[in-house]
Amino acid sequence: QVQLVESGGGSVQAGGSLRLSCAASGGTFSSYTMGWFRQAPRKEREFVAQISWIAWKTYYADSVKGRFTISRDNAKNTVYLQMNSLKPEDTAVYHCAADPKPRAPVMTTTPSAYEYWGQGTQVTVSS
């Protein structure tokens, strides 16, 4: 069984920055496709960013391109989401997700494609 634990959320003013972390255990992290999703009140869970297990390919939702950066440290079994220039519309609970199956490094935006999920960390951006 794979466990994912997010941290790094908090409250910031618009224009500020946060770095989220997701620590994985119980599997072979270096072979996972890892993603970040977010869910705001009364909204569907939406894709934010993804990083592949091979070729270090990254993908981003249009709403965060140029502001957010996903990265991974396989030695620490951790994936990160650096969030800069935060906007009030970024306010949500952010979840990391893992797909342990071998996959091609193709952009995957649907939550159903990921098998394991963390409990989430709250990010609040005030104007």
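Scroll up to find the structure.
Residues numbered from 1 in each chain as written. Predicted model: local features only at pLDDT ≥ 70, side-chain atom pairs only at ≥ 80, totals over all residues. Heavy atoms only, no water.

Draft legend 1. Broad picture of the sheet that holds strand β7 (residues 68-73). Taken in spatial order, the four strands make up an open sheet running β1-β3-β8-β7, and their pairing is antiparallel. Only two strands of the sheet have a single neighbouring strand rather than two, namely β1 (3-7) and β7. Across this sheet, the average inter-strand angle for adjacent strands is 15 degrees, counted without regard to direction. With six bridges connecting them, β7 and strand β8 (residues 78-83) associate as antiparallel partners. In the sheet register, S71 faces β8, and the bridge partner there is Y80. (Pairing = 2+ DSSP bridges. Helix = DSSP H or I, 4+ residues; strand = E, 2+ residues; numbered from the N terminus. Axes fitted to C-alpha atoms, helices over the stretch in contact; angles between N-to-C directions.)

Draft legend 2. A look at the state of the cysteines. The full count for this structure, using the stated rule, is one disulfide. Here C22 connects covalently by a disulfide to C96, the sulfurs 1.9 Å from one another. Here the S-S torsion is close to 50 degrees, and the disulfide linking C22 with C96 is therefore right-handed. Highlighted residues: C22 in strand β3 (residues 18-25) and C96 in strand β9 (residues 92-99), separated in sequence by 74 residues. We classify C22 as buried; its relative accessible area is 0%. Overall, C96 belongs to the buried group, its relative accessible area being 0%. (Disulfide = S-S within 2.5 Å. Buried < 20%, exposed > 50% of the residue type's maximum accessible area, 1.4 Å probe, protein only.)

Draft legend 3. The arrangement of the nonpolar core in detail. Counting 36 residues, the largest nonpolar core has M34, W36, L81, M83 and Y94 as its most contacted members. Taken together, the elements giving at least two residues each to this core come down to β3, β4 (33-39), β5 (46-51), β6 (58-60), β7, β8, β9 and β11 (121-126). For this core, the leading source of residues is β9, giving five residues. Among all residues touching M34, those that are not within four sequence positions of it are L4, C22, F29, A49, Q50, I51, I70, R72, V79, A97, A98 and Y114. (Core = buried A, V, L, I, M, F, W, Y, C linked by side-chain atoms within 4.5 Å. Contact = heavy atoms within 4.5 Å.)

Draft legend 4. Highlighting the pairing of β4. Summarising burial for β4: six of the seven residues are buried, a large majority. Across seven bridges, β4 lies against β9 in antiparallel orientation. Residue pairing across strands places G35 opposite A97, the latter belonging to β9. Two strands pair when backbone bridges link them, and β4 and β5 are joined in this way by five bridges, in the antiparallel orientation. By the bridge assignment, M34 is partnered in β5 with I51. Taken together, β4 and the strand that follows it, β5, pair antiparallel across an intervening segment of six residues, in which R42 is found at a positive phi of about 65 degrees.

Draft legend 5. Broad picture of unusual backbone geometry. One non-glycine residue, R42, lies in positive phi territory at about 65 degrees. Checked against the element boundaries, R42 lands in the loop between β4 and β5.

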